Each structure stands twice: as C-alpha cells, then as structure tokens.
Amino acid sequence: QAQSKTAPKAGASPAPASSPASSSSSSSFPRFSVGANMGAATSPNIGTFDLGFEAPIEFNNNWAVGPWMQIGMADDLTLLLVSLNTRYSFDLFESTKARKLRPYLQGGLGLAYAKPDAVDGETDFLINMGIGAEYAVSDHFFVGSDVMINTIPTTSAANGVLFSWQFARLRYRF
C-alpha cells in the first residue's frame, strides 16, 4: 500500500503550530487595570468639567468589562454617572509600532444622579455609548481619549442627553 502524502516521514519533526502574534508580552488573562480621565460634558442645559474613573478587566486582547464612573461639576450642578461598561478594542494595524494604537467602541448601563444646588437630586437610569482610542506607551501604561453619549431619560438637569469628551485618559494595567 502507498503511504499518504500528508503523513510525516519517520524521524521528521512536526511543523510548528501557527499562533497569532501577541500585542503584549504578558498575555495571561484576565488582566486587571485602573484608569482616570478628565474632560468636559455638555447638554442643551449644562456644561461641566468632568473627572472619570474606570477599573476594567480584560478577558482577551479585544474584550474588557468593568465599572466606570464620571463626576461632572459646574457652578450650580453636580452629576454622578456610574455604570458597568463593556469595551471592544480593534486590531487594525499590522506594523508593530502602529499596533500600539487601538481604537475601541464602548457602552454600558447604570445610574445617573444629578443635583442642582437649589433642588433635591434626581436619580435615573443611564445608557452610555462611545468611541475612543488608546496608545500603549508600554505593556502597562496607556494614554488615550474618548467621546461618550450618555442617555439619561428623565433627568431634567441634563435634558435627556449628555455628550462628554474625555480628552486626557490614563490607564495602568497590572
């Protein structure tokens, strides 16, 4: 009988399995990170200075889920937005240097609290979605920027929709 053409010859080592290139030397998952950002938010009724915080858990090179919080401050209003966000990062670039830049989509569900100075605060349901990009300075440090649309159905202080731009974003991955 003739041997199959695909069978390896006696004593030959099997071909190495191909594996996708890792964008980081520490590729064990899940990975925990913490981040902070600052920016501004606006709606038809208000404009605020914002501080934000996040603590995502990365489940692979693309998906992350974790708590997100944004605090908006203006002369006569304080906003607190808290949600559980999901982020999907894209691998768009082939070159090693360009792979450090990762655009992403994000969104989440949570609660919004608005407190005008002269009125009792309001709490409402929050739906947010946004886009952004982040650059890996190293395996552990990331800088970026993102924009979010926060939909707050009945909170009159934000008139239903709050647009935010986090222009300075820092994240540390453990």
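Everything below is about the structure printed above this text.
Every value quoted in this text rests on a predicted model; they were computed, and no experiment measured them.

Section: the pattern of salt bridges
Evaluated as defined, the whole model comprises 9 salt bridges. Taking the shortest distance from any N to any O, the salt bridge between Arg171 and Glu134 comes out at 2.6 Å. A residue pair is termed long-range when its members are at least 10 positions apart, and Arg171 in strand S9 (residues 161–173) and Glu134 in strand S7 (residues 122–136) qualify at 37 residues. For Arg171, a relative accessible area of 4% corresponds to the buried category. Put simply, Arg169 and Asp146 hold a salt bridge, and the shortest N to O gap is 3.3 Å. Here the residue Arg169 occupies a position in strand S9, and Asp146 occupies one in strand S8 (residues 141–151), the gap between them amounting to 23 residues. By the burial criterion, Arg169 is buried, and Asp146 matches it. One continuous salt-bridge network, built from bridges that share partners, spans Arg31, Glu54, Glu58, Arg87, Glu134, Asp146, Arg169, Arg171 and Arg173.

Some points on the nonpolar core
By size, the foremost hydrophobic cluster in this structure holds 12 residues: Ala41, Ile46, Trp68, Leu77, Leu79, Leu81, Ala112, Ala114, Leu126, Met148, Ile152 and Leu162. Those elements that provide at least two residues to this core are strand S5 (77–89) and strand S6 (101–116). Here the element with the most residues in this core is S5; it accounts for 3 residues.

Thresholds applied
Residues numbered from 1 in each chain as written. Predicted model: local features only at pLDDT ≥ 70, side-chain atom pairs only at ≥ 80, totals over all residues. Heavy atoms only, no water. Salt bridge = Lys/Arg side-chain N within 4 Å of Asp/Glu carboxyl O. Helix = DSSP H or I, 4+ residues; strand = E, 2+ residues; numbered from the N terminus. Buried < 20%, exposed > 50% of the residue type's maximum accessible area, 1.4 Å probe, protein only. Core = buried A, V, L, I, M, F, W, Y, C linked by side-chain atoms within 4.5 Å.

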